[in-house]
Amino acid sequence: MGKPIQFSEAAFIGIHAMSIISMSKNNFVNVNKIAELTGSSKNHISKIMQILVKAGFLNSVRGPSGGFSLAKDPSEITFLDIYEAIEGKITIKNCPFDKPICPFNVCLINNIFPRITNELIEFLKTTTLESIRYSAQLKDEEI
């Protein structure tokens, strides 16, 4: 569809959870801690984390001292990787209404949606878990 890219709650949880894990001083971060820090449902987080395990971004260990850890170096994981693992590949089309024929000779909304989507993709593609470790910190929390 040609509509602008949208972030689902799942994509936000995935990006935030992966960021939390990348900043962790411990070997593993469990779902309870991620739920506490993000204010999200443990069940929803668990489902998203399993998607990220299957995509090869996380390792998972069961048990009381288990949780999730990065399966790759944080410099190798971009926000775009995380987003597309959860939401699927981003496609860009010119018309937000997916109309093959337009009665106007110029786009009335000035092709803003493809431009915004391209800008967001570029941001997601160039932002790695490693890069945010230096620019973002958890509030009053060490994990």
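Attention here is on the structure that accompanies the text. (Residues numbered from 1 in each chain as written. Predicted model: local features only at pLDDT ≥ 70, side-chain atom pairs only at ≥ 80, totals over all residues. Heavy atoms only, no water.)

Counting 33 residues, the largest nonpolar core has Met18, Ile21, Met49, Leu52, Leu58 and Ile82 as its most contacted members. Breaking this core down by element, the ones donating at least two residues are helix H1 (9-23), helix H2 (31-38), helix H3 (42-54), strand E2 (67-70), helix H4 (79-87), helix H5 (112-126) and helix H6 (129-135). Apart from the residues within four sequence positions on either side, methionine 18 is in contact with Leu52, Phe57, Leu58, Leu70, Ile77, Ile82 and Leu129. (Core = buried A, V, L, I, M, F, W, Y, C linked by side-chain atoms within 4.5 Å. Buried < 20%, exposed > 50% of the residue type's maximum accessible area, 1.4 Å probe, protein only. Helix = DSSP H or I, 4+ residues; strand = E, 2+ residues; numbered from the N terminus. Contact = heavy atoms within 4.5 Å.)

Further remarks concern the packing of aromatic side chains. Under the criterion given, the structure shown has 3 aromatic pairs. Both rings, one in phenylalanine 7 and one in tyrosine 83, keep their centres 5.0 Å apart while their planes meet at 65°; by these two values the pair is edge-to-face. Of this pair, phenylalanine 7 sits in the segment before H1 while tyrosine 83 sits in helix H4, placing them 76 residues apart in sequence. Consider the rings of phenylalanine 79 and phenylalanine 123, whose centres lie 6.4 Å apart with planes at 75°: the pair is edge-to-face. Remark: phenylalanine 123 occurs in helix H5 and phenylalanine 79 occurs in helix H4; sequence separation between them is 44 residues. (Phe/Tyr/Trp six-rings, centres within 6.5 Å; stacked < 30°, edge-to-face > 60°.)

This paragraph deals with a nonpolar patch on the surface. Taken together, the side chains of Phe97, Phe104, Leu108, Ile109, Ile112 and Ile116 present a nonpolar region at the surface, about 590 Å² in accessible area. On the secondary structure map, isoleucine 112 appears in helix H5. (Patch = residues over 30% accessible without salt bridge, like charges linked within 9 Å, V, L, I, M, F, W, Y side chains within 5 Å. Areas by Shrake-Rupley, 256 points an atom, 1.4 Å probe, with all protein chains shown as cover. Salt bridge = Lys/Arg side-chain N within 4 Å of Asp/Glu carboxyl O.)

In a regular helix each residue adds 1.5 Å, so 15 residues correspond to 21 Å; H5 covers 21 Å between its end C-alpha atoms and thus fits that length. Those residues of H5 hidden inside the fold are in contact with H4. (Expected span 1.5 Å × (residues − 1).)

What follows is about the pairing of E2. Side chains of E2 alternate between two faces, with Gly67 and Ser69 and Phe68 and Leu70 buried alike. Pairing geometry for strand E1 (residues 58-61) and E2, over 4 bridges, is antiparallel. Paired with asparagine 59 across the strands is serine 69, a residue of E2. Connecting E1 to the next strand, E2, in antiparallel fashion are 5 residues, including glycine 63 with a positive phi near 110°. (Pairing = 2+ DSSP bridges.)

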